[in-house]
Every structure is written in C-alpha cells, then in structure tokens.
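Here is how the chains run, residue by residue.
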There are 6 protein chains.
Amino acid sequence: MRTLVVAPHPDDEILGCGGTLLRRKAEGGTLGWLIVTGMTAEAGWPIDRIQQRNDEIKTVAGMIGFDEVFNLGLPPAGLDALPLGDLVSSFSEVFKSFAPEEVFVPHHGDVHSDHRVTFDVVAACAKWFRYPSVRRVLAYETVSETEFGLCREDAFHPNYFVDIEPYHERKLEIMGVYRSELGVFPFPRSVRAMRALAEWRGASAGYMAAEAFQLLRERQ
Amino acid sequence: MRTLVVAPHPDDEILGCGGTLLRRKAEGGTLGWLIVTGMTAEAGWPIDRIQQRNDEIKTVAGMIGFDEVFNLGLPPAGLDALPLGDLVSSFSEVFKSFAPEEVFVPHHGDVHSDHRVTFDVVAACAKWFRYPSVRRVLAYETVSETEFGLCREDAFHPNYFVDIEPYHERKLEIMGVYRSELGVFPFPRSVRAMRALAEWRGASAGYMAAEAFQLLRERQ
Amino acid sequence: MRTLVVAPHPDDEILGCGGTLLRRKAEGGTLGWLIVTGMTAEAGWPIDRIQQRNDEIKTVAGMIGFDEVFNLGLPPAGLDALPLGDLVSSFSEVFKSFAPEEVFVPHHGDVHSDHRVTFDVVAACAKWFRYPSVRRVLAYETVSETEFGLCREDAFHPNYFVDIEPYHERKLEIMGVYRSELGVFPFPRSVRAMRALAEWRGASAGYMAAEAFQLLRERQ
Amino acid sequence: MRTLVVAPHPDDEILGCGGTLLRRKAEGGTLGWLIVTGMTAEAGWPIDRIQQRNDEIKTVAGMIGFDEVFNLGLPPAGLDALPLGDLVSSFSEVFKSFAPEEVFVPHHGDVHSDHRVTFDVVAACAKWFRYPSVRRVLAYETVSETEFGLCREDAFHPNYFVDIEPYHERKLEIMGVYRSELGVFPFPRSVRAMRALAEWRGASAGYMAAEAFQLLRERQ
Amino acid sequence: MRTLVVAPHPDDEILGCGGTLLRRKAEGGTLGWLIVTGMTAEAGWPIDRIQQRNDEIKTVAGMIGFDEVFNLGLPPAGLDALPLGDLVSSFSEVFKSFAPEEVFVPHHGDVHSDHRVTFDVVAACAKWFRYPSVRRVLAYETVSETEFGLCREDAFHPNYFVDIEPYHERKLEIMGVYRSELGVFPFPRSVRAMRALAEWRGASAGYMAAEAFQLLRERQ
Amino acid sequence: MRTLVVAPHPDDEILGCGGTLLRRKAEGGTLGWLIVTGMTAEAGWPIDRIQQRNDEIKTVAGMIGFDEVFNLGLPPAGLDALPLGDLVSSFSEVFKSFAPEEVFVPHHGDVHSDHRVTFDVVAACAKWFRYPSVRRVLAYETVSETEFGLCREDAFHPNYFVDIEPYHERKLEIMGVYRSELGVFPFPRSVRAMRALAEWRGASAGYMAAEAFQLLRERQ
C-alpha cells in the first residue's frame, strides 16, 4: 500500500494519523509526506528557526519511516491567498510522482484556513480519471483545529477507526520532536489531550488507543 | 470475510449489492442473508404465492451462493408496528450466530418504513462491545426506494464503490428470478434502470459497472 | 435555577451531566430527576434486582442532592412501543409540577431508541406557551450511545461546555454506584473512558475536565 | 390544477397554505382537503365539541371553496401509534380518488408527531409509478409547530414563495372560524403572529404578504 | 419565459441542462447563455485552440437556439483568484440586460472551484430587490464535477425533474460538438455515461430520459 | 459583561442585535463595536458621503452607548480579496484589546461574502487558548442577507432568543439614522419588515418582540 499524508503544516501528520502511519509502515507500506507550507527566509523567518524546523522534519521523517517527503514551502496561514489552480498544479505533480493508493487529508471543517484550502485542493486530486492510483481518501482530525469548528456542518463524525495501540506511545514520542508546538494540558496540543482523544476514540471502536477518520471515498 | 446482507424484503439484497455479493463469494467469502419480512398464511397470503416466493428465495440463494439464510418472516410493510426491542432481539441472534465481519444494510433515508426500521435495528447491532465480529457496515441503495426520499437529509451520498463488472450480467440474471417485482422501464425496478444506475456509479469510480455504498463504520 | 435532568435509564444523568448537576447544586440550584424507565416485577425482573436498582437510585439521589425524583417506571427498551401521546402526558405532569428552568435531555442521534423517543417527548414539552418555566434546553452525550450513531445527521457537535473540574472525581465516584453498568476499558462505560472524554472536552474549552452539550433552545 | 392539502388537524391547511389555496381557487383550480385526524365520540369527545368542529370544517370548506373533503377521523396526537401501513392505505385511496397534481404537506421537522407521521405517509404516496397524477409536492410551515423543532435538521428553509397579497385578509378571516385555536399575541396561533410571518416571508420574496414552502419534488 | 444558463465553461450548459434548454426553446422561450470563462491569447492559449473553441460556441449556440450569448472570457480554473465583487458586477450587467425569469446554475457542491465561485456569484444575483426579473433558480448537475464532491454537504439531492425524452438524442449530438471534452466510457464525460444518467434520472421521475435539478428558489 | 459586536458594515449591528445591545447596556454591560469595512477616499468615495457615514457611526455609537468603537476601514464587498491571515491579525488586536466575553457575529450562511469572511475570521478568534476572555459566541441574522441563502446548509435555525420588548422601538429609531439603507416595505431593510421579524421571533419565544441567534459556542 502506498500511503500519502497531506499536512498543511508539519505536525498535522502526527496529530492526525501518526499511529496509523507507523502501522502502515510496520505492515510493509510505502509512505509519502506532502508538507504544504513552510518557513522561508523570504517570508522573514529567522534562519535558526528555519534550520530547527528542517531538523524536526528530518527527524520525524526518520522516526516515521517516510519514503518520500515533498515540501512545497508555501506561506503558513497564507494558502487562501494563493490561486487554487496553482495549488492544484503543485499537488498534482506530487500525486503523479508518488502515485498514492491511500491519501490522508485534513477535515474540511477545520478552523484553520490552510486546512480548508488543503482539503479543497486534494478533493480536486481525488478524481479517478486524473489520478487513477488513488483508491481511498480519509480525513483525519487535528487536535486544536478540528474541534473548534463553530458550525454543525463542520462536525467531525468519524466512521473509520484504526487500532494504534502498539504504536501509540511511539506516536507521542515523535510528537515530542515538535517541542515548540506542544503545551501544558488543557492546551489541546498536549500529550495528555492527545492521549485522552486516543483513548476516547479507542473506547468507540474497541481498542486501547485508536485514531478516527472520516472515509471520504474508496473504490475497490 | 464473513459478509451478511440484511434485506427487508427478498430482492433488496440483489438490487443493493448483488454484484458485490457475487464478488465476495468469488473471492472466497462466506455469505449470510438475513431476510426480515416474508409472506405468511397467517397474514392472508395465498399458499401458491408463498410457495413461489420460497422457491425464488431458494433459487436466489443458490445462484448467489449464500452459505446461510435467516428468514424472520415478519409482516411486510409492518415493521414499524413491532416493538423495536423485539426486532433487536431477533437480529441479535442472527448476528451472534453468523458473526459477520461485514454487514450490508438499507439506507436510513429510504422511503419504505421497513427499510428505515431495519436500519435502526442494525444500528443497535453495530456496537463493537455487543457484536465484536462486526468490522464494517455499509449502506446500499435500493432502486425504487432510495431515490424517492424527499428530504435533503435522506440523500444517498456514496463514498464506497465496488467494481462489479465481471458480475453485472449475472446480477441482472438473478434479479430476473424475482419476475413479479420487475417492470418495464422507466419503472425503477427494471433491468434497464438497474443497468443505467450501475453504469452511472461505474463512471463515478472508473469501472464499467459498479455498486455504490455509504460506509457507516469500519474498524481495523 | 431549577434544573431537571431527563434520564431514559438511571445512570444517563451521571454519564451525561453528573458534574454539571453537582455544580448547579453547589451554586444553590434545585435539582429534579425524571427517570423514564425502570425495572418492574410485572415485566419479569427479579425482586432483588429491582431492590438493588431502587437502592442505587436512592444512593445516587442523595449523593447528587436531587430535590425531587420522578420515576415513571416504563419498560426499558420499550418506549418506542408506547403511544407518544401518553408519554407526553406523563412528562407533562412532571414539567408542570417541577417547573424547570433548565432541562437536560439525551441527544436525538443516540443509538438507543429510548433516548430518541425521550428526546421527541421533551421536544413536545419545550414550547414556551405550554411550559413557560423552561428557559434552556441542553442535550447531553451518553457514553456508549451518543458516539455510536451511524449517520452524519446523528453527530453530536457540542456548543456548550461546562467546567466540572471541582466535581469530576465525585462524579466518577457516584457513577461507581451503578456497579453493574460499568466495565473495563476500552468498554465505553468505564471510568477510564469517562475520564478520557472529560479531559478531551476540557481541552476543547480550557478546563481540566468538562461536560459538553448541544444547546437546543434558550430564551432570556 | 388539482391541488390537495393534507392537514393533520383542521386549521393546519389555513395556517400553512390558506392564501395559496384561495389563489389556486381564484385561478380556476380544483381543491381537495384531506383531514387526517378528528374528534370522535368513541374517543370521548363531547358531542357538542364534535358538532362544533364539524360546523367549522363545513364553514371553512365553503369559504375556501374546497371541491372535495376527505375526513379520515383518526385520533389526534395518536398517529404514531397506528401501523404506518394502514395509514398509507387510507391516504392511498384518497390519492387515487382525487388524483392530485399538487400536494401540500406538513414539514418533516415539525414538533407534533402527527405532522411527522403525516409527512412520512405522504412521502410513500409521492412515487410517480404509484400515483402518476402527482407532479409537485410542497411542505408548508405551521405556526406553533414548525418553528419549535429543536434540531438543525428540523430547520424549515423555504425555497418556494407564493404571493398571497390579494388573499391575505381573507385567510385571516377564515382562520377566525377556528376560534378555539386562536390566542392572544405573542401566542403563535394569533392573527398578529400570522400577519408578522406573512410579512416576513413577503419581504423575502418581494410581496406584501407571502406563504413560504419547501419544494420537495416536482416533475414536469 | 426568459431562461438564462450560467456556464463556468462551455459544455456545462449542455451537460447540465441541454435537454431542458431545447425544450424551453421548443415551448417558445427566449434563451441566454452566460459563459464565465474562456481561452484567451493573453493567457497563453494557442490561436487555433481559441478559434476552435469560438467555433464550437457558435455552433452550439445555433443548435440550441440561444438568443443571446454573454462571454466574460475570464481565466478557466482561475475564478477563485478574482475579487468576488468584480464578478458580481460582471454578472450583474448580464442579469440586468437579459432580465432572466429562470436561471440555471452549477451545484454549490461541485468539486471545480469555478463552479463553486459561479454559484456564489449567482446567489448574490438572486435577491428579488436587485434583480426583480428572476423568478426561479435551479442548480444543475455537471457530469464529472457534481458526483465527485467528497462531503455529505456536497450531495446533489434533486427535487425537480424535467422530461427531456424528445430532446435527449439531440442533446447528445450537440455535446458531440465539444469533441475534445468527451472520452470513452467509463470516463464521465462520455455519451454512455450521459445516457446512463439521463435514464437513471428518468426512472426517478417516470420519463424515458430526464434532467434533474435542485430548486433553490422560486417565487410566483 | 463585556460584549463585542462584529459588523461587516455599519447597520449590521443594529439589524442583527440592536435590541440586545441596548439591553446589555441597560444591564450595566460594556459594549464594543468592531466595524470591518468603511468608505475611504482612496477607494473613491465622495468626501461628503464619507463624512455622512462617520456622522452616522458617531450618532449610533452614542445612541447605543458603545464604550469602544474599532473601525478597520476595509473595502466594502472586498473582504474576500484580502488575505485571511491579515484579517485575523487585525481582528486579533481588537479581541486582545477589548477582551470580550460575549461576541456577536454574522451568520455563516449569509449571502454577502463580507459576512461569510467575517464569520471565518471570528471563528479563528474563538479558540479559548488564544482569546481566553471569550465565553460566548452568537450568530445574528441580518435582514436582507441571512434570508437569501440558497442552500439548506445556509439555513438560519435560531436556538437563542432575547426579549427586546423594552428596547424595540428605540432600536427602530436608531436604525433610522442609517436613512440611506432603509427602503419601503416589502424591501427587507424597512421598518415594517424589521418589525415583522421581531414579532415573529417573539412569537417563537414568548415575547412581544425578540431577537434570535444561533449559539455557536459557550463555555462557563
């Protein structure tokens, strides 16, 4: 199985489906990571912050076992200001090159506009006659974004649960790489909140820890 | 894979997922058929009509290759008048006995009340801690019921497509067993309408013929 | 504030809003408990089971500090078989007698039919010109029911969060009274799952532990 | 145009579409009135109350100009306790006999269970191959029921507006026949509330007074 | 009847409502065609491709019998990058000039961003006090866009069906003008897929072939 | 209570929650007004029109009793063309400076893109860990925008009603300051339409006049 996770920002892939990625890898899968935005010098990020982020990405890629990393380097919190057509072109190249069978995307109801735009772009890349490799598209939930949607239409109502018990502690460990993104509970991006969510999803599916998704499209 | 199809009335299983059942069988699966309603002498059905229906069921069971058939014999168009608790008990026995991993159910938005009630009963049988065998629940569309829901909430929005090209003609042939249920196009339960739907769903998923479903729950 | 919780079965009130009830009490509120179903000898429950349940109710009533308990004693898993009009009459008397300002009800998307019916009955009792005391109606989530709704329309999308940090441990302790309803994690009705949910809802609202609700109607 | 209004209780037809009925009549249409429930001596209604109600029906039928009145006389607030199959049979006869092209039904999200059940029954009577006369089905809003739905799914979101300016005063006058159903504003079934709604719907559509509907199905 | 179809790209008008347009024309209607995007030399399209497209538009205009064609020539796959206010101004002029009574628009849930933006712009042009000529707005489904929406909120749930039997073959013939857009089944923009859809919609409404729409607003 | 109303254009705050603002003030609250767009000389507005608008704002601020007014002066009908990140920054400063507990925002389904964008920006400012002062977010309805949403998902389904009887006439008087925005009934922004809506919402909640809202989030 060739699995591609689309992450608006580094850390979304761990928060959303880190355990499932570890499991796919353990099951012999090939993993791709499409990072949509990134810090750049042009956009005024300090060099050392950029360097640190690059190191984090390298470390996480190694710990998860990503086979390919695609880094678009677009401006964080700025995707809505880019022409959608350009974004589709960029994603398209990755989809053609990596040829994923399974794709993980952010939830369309996430509060962050980067997540919403990313969803829209992937939707345009989910047509079978354009990207015939794609067999399954799943939306993940991103702690600190998905649960803050204000409209009922934004609700994340999972219908697909993956047992991540053997990978859960490792997932939390990897999340620790993104030190600067983590805070102290009840801050949502905290180990304790992540653990609570994994257990809550686990209780819904019969596992000690689970990740939950919305299946958007599968064809077999 | 142990697959159970829940059919409010005989023929729903063919209309909704006849091709997929044939495919599961060809792939080595074990098939169960839970028929919820049936004609009975007590309810005033003529003996020869009952006999004919029983023959149809036997013939279809053989053509599909069902390994087990569960016939509850409840009154057609009468499920809403039965206590839901009793229905859950009846279904529960079948679920415990057959121990399905995959379950096919009617769509919750179907116009026919037997379909809606059947959906509600299966929902009560989809909790992992009661029926741990169940791993996947899919809602099928029933020509002549699903497309007649009047509310937007009733919309069938498929997210799971199965390639049935090698089984499509056989599916139509089996449907022919239910001679009395079929009519002349544009009557919905006609070979031509069924073929149009299979091609339309196929075009949505990249297959010459497909059946479309809504994934309600999967855990793996 | 006069607060009434409507519980299809004893324990729903604790699972759904036990912490909030303790808080209301601590803030000087008056609490009512409408228990819809109950075990009866007529329905074949053994005497000692009935006695045990009655003891549990008495104990819980004391620990929460309910000022009034209304026990309709209707058959569990049997509400759908009763005429809705009769149910409305029964509820109506309680609403007129207790005159609640705030009402807690199960979520309309819960899997259990008793929960769905209870919701419908309360909806009929939420009209201002029939029950002018009612100012606020909130739907609670019931672990083991609310998260098992199969349709997107069933999603519980909370918009109202209550800080229950000072009352959380006491809530779990009171839940322990219903010994027979509790199981071992990942069973949903377990202390660990309840704790996970409370922390997850807390992270969504900035509290160490929270209960989450859907506000259905408020008038002020 | 043959127009049939389905009224769970007498007065729903005026509240929901009295102005449109008057307009249809003025335009040369043929009008049918299907009254689902009624007061009966068997159900314990006093004779004089029954007589008064019958008089009201007769008066309203004359004032609107109904060409046919179908009175099923089923128990008010009791439709949910009847087998849906029986209800479909009763409605079916009326649909076959009157052969409506246009049908007005209550909204599926109304709080009153009689309204919800009536909706479900009409939905079963909207299949073209069973009732080929039916060309258009519209849901009306019933003051005091439609605006009290507690779920977002219950929302009445009109997409079809009818100018009733020339008929508005007459509609209010006819509503006056149901003296016992009317109250004093802000009671919803009051002349002032009805007027406010008609003006509000009018402002949405460019008319001095309008009735608003949800088109459920049209075929032409 | 003055009917305006708004097509993000030439061919959407045929796919979505070609049969209905032919029928409106046959019934004596006046037809307008608002083409939103177009190939331009500035945007780098080769001259002969532009010429071919212009010829196609001319041919189709003749075959349908459009009385007026409005060609905005905006960049394909680029509408989201334009200020919505400018788009509203452009559409506004067409609406004022053509003064349509009936308007056909793409579905808001289509995957293509040009379709979504077009929908939003037309929504802004559907207010009665700005464009009093508009009496009816219908959303059409565009094969290869509408069925690829990934969210349940994107579902196309038709409530308005038009019998296009006498015009169906002609519609397919006209679609042939857009040779480069067509492919081989199961490609969605193929004659066979279009035929399957027309028959499927026909079976839902009692016609040999039908086009299906969502009525968004009508006032009469 | 510190209450902030976010108004895409001056007059939205009166239309949407003018009565509630007057009531909050009367109850001792502190009121903030965030005006998102404004007329500027750079954008070509005539000086006297700008002056008049500024006078109107000053007058209304005095009549309502706003304690603070924040005027972003962004281009009307142009918010969608601005980078969302910039808008979030601008709003963020206001939220940090005013520290609102209660926030009133436009409905996400409003037709005007300025309203939709404003909603999205506020949603990003409703996270408790960024703006801990915020306890309650309510969406208001804006006559002439909210009722023109074409999709069912756009429906405004109020769940929170405020009695504004003592403030209703004053609200209408203040609206009169925006002379140029008002028209003659059935124009939606007319005193008569506003009165009809207030009475209609009142009838839904038991008040002579009411404003209706959708509660999006509350934490207590």
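The preceding data block contains the structure.
Residues numbered from 1 in each chain as written. Chains lettered and ligands numbered in written order. Predicted model: local features only at pLDDT ≥ 70, side-chain atom pairs only at ≥ 80, totals over all residues. Heavy atoms only, no water.

Can you walk me through the overall build of chain A in this structure?
A count of helices and strands for chain A gives 6 helices and 7 strands. Reading the secondary structure of chain A in the N-to-C direction produces β-α-β-α-β-α-β-α-β-β-α-α-β. The C-alpha atoms of chain A give 16 Å as radius of gyration, which agrees with the globular expectation for 220 residues (17 Å, within 12%). Within chain A, the proportion of its 220 residues that are buried is 68%. For chain A, the proportion of contacts with a sequence separation of at least 24, taken over those separated by at least 6, is 81%. As displayed, chain A offers around 6,900 Å² of accessible surface, 51% of which is attributable to carbon and sulfur atoms. Measuring between centres, the 23 positive side-chain charges of chain A sit 5 Å from its 31 negative side-chain charges. (Helix = DSSP H or I, 4+ residues; strand = E, 2+ residues; numbered from the N terminus. Rg over C-alpha atoms; globule rule 2.2 N^0.38 Å. Buried < 20%, exposed > 50% of the residue type's maximum accessible area, 1.4 Å probe, protein only. Contact = heavy atoms within 4.5 Å. Areas by Shrake-Rupley, 256 points an atom, 1.4 Å probe, with all protein chains shown as cover. Lys, Arg positive; Asp, Glu negative; His and termini not counted. Charge placed at Lys NZ, Arg CZ, Asp CG, Glu CD.)

How do you make sense of the pattern of salt bridges when you look at a structure like this?
Opposite charge on two side chains permits them to pair, given that their charged atoms come into close proximity. Enumeration according to the criterion identifies 108 salt bridges over all chains in this entry. Among the ionic pairs, Arg-53 of chain D bridges to Glu-181 of chain D, the shortest N-O distance being 3.0 Å. Here Arg-53 of chain D is found in helix H2 (residues 47–64), whereas its partner Glu-181 of chain D is found in the loop between helix H5 (168–175) and helix H6 (191–205), with 128 residues between them in sequence. There is no split in this pair, since Arg-53 of chain D and Glu-181 of chain D are both buried. With its nearest N and O atoms 2.7 Å apart, the salt bridge here joins Arg-24 of chain F to Glu-102 of chain F. Placement of Arg-24 of chain F in helix H1 (residues 12–26) and of Glu-102 of chain F in strand S4 (residues 102–106) is noted, with a sequence separation of 78 residues between them. As far as the burial class goes, Arg-24 of chain F and Glu-102 of chain F line up, both buried. Residues joined in a network through salt bridges with shared partners are Arg-23, Arg-24, Glu-27, Glu-102, Arg-136 and Glu-218 of chain A. (Salt bridge = Lys/Arg side-chain N within 4 Å of Asp/Glu carboxyl O.)

I keep staring at the relation of the copies chain A and chain C and nothing clicks. Help me out?
Both copies of the chain are related through a single rotation about an axis accompanied by a shift along the same axis. Superposing chain A onto chain C takes a rotation of 180° combined with a translation of 0.0 Å along the rotation axis, leaving an RMSD of 0.0 Å. Taken together, the rotation angle and the small translation identify this as a two-fold axis. The C-alpha atom lying nearest the rotation axis in chain A is that of Ala-196 of chain A; the distance is 2.2 Å. Both copies share a contact surface, since 100% of the interface residues of chain A are interface residues in chain C too. (Least-squares fit on C-alpha atoms with pLDDT ≥ 70 in both.)

Please clarify how the state of the cysteines should be interpreted in this entry.
By definition, a disulfide links the sulfur atoms of two cysteine residues through a covalent bond. In total, this model carries 0 disulfides over all chains according to the counting rule given. In this model Cys-151 of chain A remains outside any disulfide bridge; the closest cysteine sulfur is found in Cys-151 of chain F, 13 Å from its own. Left unpaired, Cys-125 of chain E is separated from the closest cysteine sulfur, that of Cys-151 of chain F, by 15 Å. By relative accessible area, Cys-125 of chain E is classed as buried at 1%. (Disulfide = S-S within 2.5 Å.)

What's the story with the interface of chain B and chain D in this structure? I'm lost.
Think of interface size as the accessible area that goes away when the parts come together; that is how it is often given. Facing the 16 residues of chain B at the interface are 15 residues of chain D. Applying the counting rule to chain B against chain D returns 1 salt bridge. Lys-127 of chain D serves as the salt-bridge partner of Glu-145 of chain B, at 2.8 Å between the closest nitrogen and oxygen. At the junction of chain B and chain D, the tally comes to 4 residue pairs in polar contact (both at pLDDT 80 or more). Looking at the side of chain B that touches chain D residue by residue, the class counts come to 9 nonpolar, 3 polar and 4 charged. (Polar contact = N/O pair within 3.5 Å; in protein donor to acceptor, adjacent residues only side chain to side chain. Nonpolar A, V, L, I, M, F, W, Y, C, P; charged D, E, K, R; others polar.)

Is there a simple way to think about the interface of chain A and chain C in this case?
On the side of chain C, 28 residues touch chain A, which itself brings 28 residues to the contact. Taken together, the two surfaces of chain A and chain C that pack against each other cover about 2,400 Å², and 62% of this comes from carbon and sulfur. Per-residue buried area on chain A facing chain C is highest for Arg-152, His-157 and Trp-200 of chain A; these three make up 30% of the total on that side. On inspection of chain A and its partner chain C, the count reaches 2 salt bridges. The shortest N-O distance in the salt bridge between Arg-192 of chain C and Glu-199 of chain A comes to 2.9 Å. (Buried area = accessible area lost by both parts, 1.4 Å probe.)

Can you help me understand the packing of aromatic side chains in this one?
We describe a pair of aromatic rings using the distance from one ring centre to the other and the angle between the two ring planes. Evaluated as defined, the whole model comprises 42 aromatic pairs over all chains. Judged by centre distance (5.5 Å) and plane angle (85°), the rings of Trp-128 of chain D and Phe-129 of chain D are edge-to-face. The burial state of Trp-128 of chain D is the same as that of Phe-129 of chain D; both residues are buried. When the ring centre of Phe-98 of chain C is taken as reference, the NZ or CZ atom of Arg-2 of chain C above it lies at 4.3 Å. (Phe/Tyr/Trp six-rings, centres within 6.5 Å; stacked < 30°, edge-to-face > 60°. Lys NZ or Arg CZ within 6 Å of the ring centre and 35° of its normal.)

I tried to follow the relation of the copies chain B and chain D on my own but got confused; where do I start?
Mapping chain B onto chain D is achieved by rotating through 120° and translating by 0.0 Å along the same axis, at an RMSD of 0.0 Å. Such a turn and shift between the copies fits a three-fold axis. Measuring from the rotation axis to each C-alpha of chain B, the shortest distance belongs to Glu-153 of chain B, at 4.3 Å. The share of interface residues of chain B whose copies in chain D are also at the interface is only 6%, consistent with the copies meeting through different surfaces.

I keep staring at helix H1 (residues 12–26) of chain E and nothing clicks. Help me out?
Since there are 3.6 residues in each turn of an α-helix, residues three or four apart along the chain are aligned in direction. Residues and elements named next belong to chain E. The end-to-end C-alpha distance of H1, which contains 15 residues, comes to 20 Å, matching closely the 21 Å that a straight helix rising 1.5 Å per residue would cover. Residue Gly-18 marks the point of greatest curvature in H1, where the axis turns by about 75°. Phi turns positive, to about 95°, at Gly-28, one or two residues after H1. (Expected span 1.5 Å × (residues − 1). Bend = angle between axes of the 7 residues up to and from the residue.)

It is not clear to me how the side chain of Glu-218 of chain A should be interpreted in this structure. Could you clarify?
Residues and elements named next belong to chain A. Looking at where Glu-218 falls in the secondary structure, it is placed in strand S7 (residues 210–219). Exposure remark for Glu-218: the relative accessible area of 5% places this residue in the buried category. At a separation of 3.0 Å, a polar atom in the side chain of Glu-218 contacts the side chain of Arg-136.

Would you mind going over the side chain of Arg-201 of chain B with me for this structure?
Relative to the assigned elements, Arg-201 of chain B resides in helix H6 (residues 191–205). Those residues in contact with Arg-201 of chain B, other than ones at most four positions away along the chain, are Glu-141, Phe-156, Pro-158, Phe-161, Ala-210 and Ala-212 of chain B.

Sorry, what's going on with the packing of helix H3 (residues 84–98) of chain C against helix H4 (residues 113–124) of chain C here?
Each pair of packed helices can be described by the angle between their axes along with the distance between the axes. All names here are of chain C. One can describe the packing of H3 onto H4 by two numbers: an axis separation of 9 Å at closest approach and a directional angle of 60°. Regarding the angle of H3 to H4, the classification is oblique. Considering the relative orientation of H3 and H4, their crossing is right-handed. Along the contact surface, H3 presents Leu-84, Leu-87, Val-88, Phe-91 and Phe-95, while H4 presents Val-117, Thr-118, Val-121, Val-122 and Ala-124. (Axes fitted to C-alpha atoms, helices over the stretch in contact; angles between N-to-C directions. Parallel < 35°, antiparallel > 145°, perpendicular 65-115°, else oblique. Left-handed = near helix turned anticlockwise from the far one by under 90°.)

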